[in-house]
Amino acid sequence: QVQLVESGGGLVQAGGSLRLSCAASGRTFSDYHMGWFRQAPGKEREFVAGISWNGGRTYYGDSVKGRFTISRDNAKNTVDLQMSSLKPEDTALYHCAARNKNILTYEYWGQGTQVTVSS
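Owing to the predicted nature of the structure, the values given are computational and were not obtained by experimental measurement.

What counts and how
- Residues numbered from 1 in each chain as written.
- Predicted model: local features only at pLDDT ≥ 70, side-chain atom pairs only at ≥ 80, totals over all residues.
- Heavy atoms only, no water.
- Helix = DSSP H or I, 4+ residues; strand = E, 2+ residues; numbered from the N terminus.
- Rg over C-alpha atoms; globule rule 2.2 N^0.38 Å.
- Buried < 20%, exposed > 50% of the residue type's maximum accessible area, 1.4 Å probe, protein only.
- Pairing = 2+ DSSP bridges.
- Core = buried A, V, L, I, M, F, W, Y, C linked by side-chain atoms within 4.5 Å.
- Axes fitted to C-alpha atoms, helices over the stretch in contact; angles between N-to-C directions.
- Lys, Arg positive; Asp, Glu negative; His and termini not counted.
- Salt bridge = Lys/Arg side-chain N within 4 Å of Asp/Glu carboxyl O.
- Polar contact = N/O pair within 3.5 Å; in protein donor to acceptor, adjacent residues only side chain to side chain.
- Contact = heavy atoms within 4.5 Å.

**Focus: the overall build of the chain**
Of the regular secondary structure elements, the chain holds 0 helices and 11 strands. For the chain, the N- to C-terminal ordering of α and β elements is β-β-β-β-β-β-β-β-β-β-β. Computed over the C-alpha atoms, the radius of gyration of the chain is 13 Å, within 12% of the 14 Å expected from 2.2 N^0.38 for a compact globule of 119 residues. In the chain, which comprises 119 residues, the proportion classed as buried is 41%.

This is the structure in structure tokens:
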């Protein structure tokens, strides 16, 4: 099992920045690719960003490209999401997720941290 705990959410004005962090425990962190997803009320869950096990590759959803940056620290077992130029449409519950290097689907999910962007 991998336990994931997100932090860093909050209320921010449009145009502002916020940094989310996810702390992992339970298994060898570097065995897992990591991702951030979000879900707004009444909407489907949306892929935000992903990062490979060693940080060598990163991926972003089209709606956040150029504004968000994902990073990880395997020594600290953390993965961060730096969010800039935030828009009201970025308002959602943000979840951290993990998938084993040999598996295509995300197996483990955190409880989420709320991000609210006011206009």
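**Let's talk about the pairing of strand 4 (residues 32–39)**
Each regular strand shows side chains that alternate between the opposite faces of the sheet. Here strand 4 lies mainly inside the structure; 7 of its 8 residues are buried. Two strands pair when backbone bridges link them, and strand 4 and strand 9 (residues 92–100) are joined in this way by 8 bridges, in the antiparallel orientation. In the strand pairing of strand 9, Gly 35 is matched with Ala 97. Here strand 4 folds back onto strand 5 (residues 46–51), and the loop between the two strands holds 6 residues, one of which, Gly 42, carries a positive phi near 80°.

**Considerations on the nonpolar core**
Among the nonpolar cores identified, the biggest contains 29 residues, and Leu 4, Met 34, Trp 36, Val 79, Leu 81, Met 83 and Tyr 94 are the most heavily contacted of them. When contributions to this core are tallied by element, the ones reaching two or more residues are strand 3 (18–25), strand 4, strand 5, strand 7 (68–73), strand 8 (78–83), strand 9 and strand 11 (113–118).

**Points about the sheet that holds strand 3**
Pairing is antiparallel in the open sheet, where 4 strands are placed in the order 1-3-8-7. Looking at the sheet topology across the chains shown, the edges are occupied by strand 1 (3–7) and strand 7. Between one strand axis and the next, the sheet turns through 15° on average, direction left out of account. Relative to strand 8, strand 3 runs antiparallel, the two sharing 6 bridges. Among the inter-strand pairings, Arg 19 is bridged to a residue of strand 8, identified as Gln 82.

**Brief notes about the side chain of Arg 99**
Structurally, Arg 99 is set in strand 9. Within the buried core, Arg 99 has no salt-bridge partner, and the shortest N-O distance to an opposite charge, that of Glu 107, equals 8.1 Å. A distance of 2.8 Å separates a polar side-chain atom of Arg 99 from the backbone oxygen of Ile 103. In contact with Arg 99, other than residues within four places in its own chain, are Asp 31, Tyr 32, His 33, Leu 104, Thr 105, Tyr 106 and Glu 107.

Read these as layout, nothing more, since geometry by itself doesn't imply function.
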